[in-house]
Amino acid sequence: GRPLILFGHSRGNAPAMTVAARLGQRVLKIYLAASDAPVIGEPSPFQRLSERFKREGDLGLLEWFVSLNPGNRAMESLYTSVASGEMKIEDSKFGESMITLMRRQY
């Protein structure tokens, strides 16, 4: 087959690495973005995130997501209000739908 260059973004990094391992010499390069590269013998970056979110719950998930979106005042305000106990994530339709989706992914 033809030589390939692969690109993996975020959660797509693990599948890109798997494809590269299976195709061997056909893969000239693999570019990984928006995630740490896996290290042999250690938990994957997404496994570490998943374990963190299980420990910290929805507030940890929300805090992490806010950190990925600096300057987003709506998300920062939601996090601050939830962290202070002023409101629950479920009180915000946006917050509830975002956390529901993120629970499925992580």
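Note: the structure precedes this text.
All values reported here derive from a predicted model rather than from experimental measurement. (Residues numbered from 1 in each chain as written. Predicted model: local features only at pLDDT ≥ 70, side-chain atom pairs only at ≥ 80, totals over all residues. Heavy atoms only, no water.)

Q: Any chance you could explain the packing of helix α2 (residues 45-67) against helix α4 (residues 93-105) here in plain terms?
A: When two helices pack together, their arrangement is given by the angle between the helix axes and the distance between those axes. Closest axis-to-axis distance for the α2/α4 pair is 10 Å, and the angle between their directions is 100°. Considered as vectors, α2 and α4 are oriented roughly perpendicular to each other. The residues of α4 that touch α2, namely those facing Asp58, Leu61, Leu62, Trp64 and Phe65, are Met98, Ile99, Met102 and Arg103. Among the residues forming the contact of α2 with α4, the class breakdown is seven nonpolar, no polar and two charged. (Axes fitted to C-alpha atoms, helices over the stretch in contact; angles between N-to-C directions. Helix = DSSP H or I, 4+ residues; strand = E, 2+ residues; numbered from the N terminus. Parallel < 35°, antiparallel > 145°, perpendicular 65-115°, else oblique. Contact = heavy atoms within 4.5 Å. Nonpolar A, V, L, I, M, F, W, Y, C, P; charged D, E, K, R; others polar.)

Q: Looking at this structure, how should I read the environment of leucine 59?
A: Among the secondary structure elements, leucine 59 is positioned in helix α2. A residue is classified by how much of its surface remains accessible, and leucine 59, at 32% relative accessible area, is partly exposed. Ignoring anything within four residues of it in the chain, the contact list for leucine 59 reads Tyr79, Val82 and Ala83. (Buried < 20%, exposed > 50% of the residue type's maximum accessible area, 1.4 Å probe, protein only.)

Q: So what exactly am I meant to see when it comes to the pattern of salt bridges here?
A: Close approach of charged atoms allows side chains of opposite charge to pair. The final tally for this structure, using the stated rule, is three salt bridges. Across the salt bridge formed by glutamate 63 and arginine 52, the nearest N and O atoms sit 3.8 Å from each other. Residue classification places glutamate 63 among the partly exposed positions, given a relative accessible area of 36%. The salt bridge involving aspartate 58 is made with arginine 103; its shortest N-O contact spans 2.5 Å. Here arginine 103 lies in helix α4 and aspartate 58 lies in helix α2, a separation of 45 residues in the sequence. Classification of aspartate 58 as partly exposed rests on a relative accessible area of 23%. Take arginine 103: its relative accessible area is 40%, and that puts it in the partly exposed class. (Salt bridge = Lys/Arg side-chain N within 4 Å of Asp/Glu carboxyl O.)

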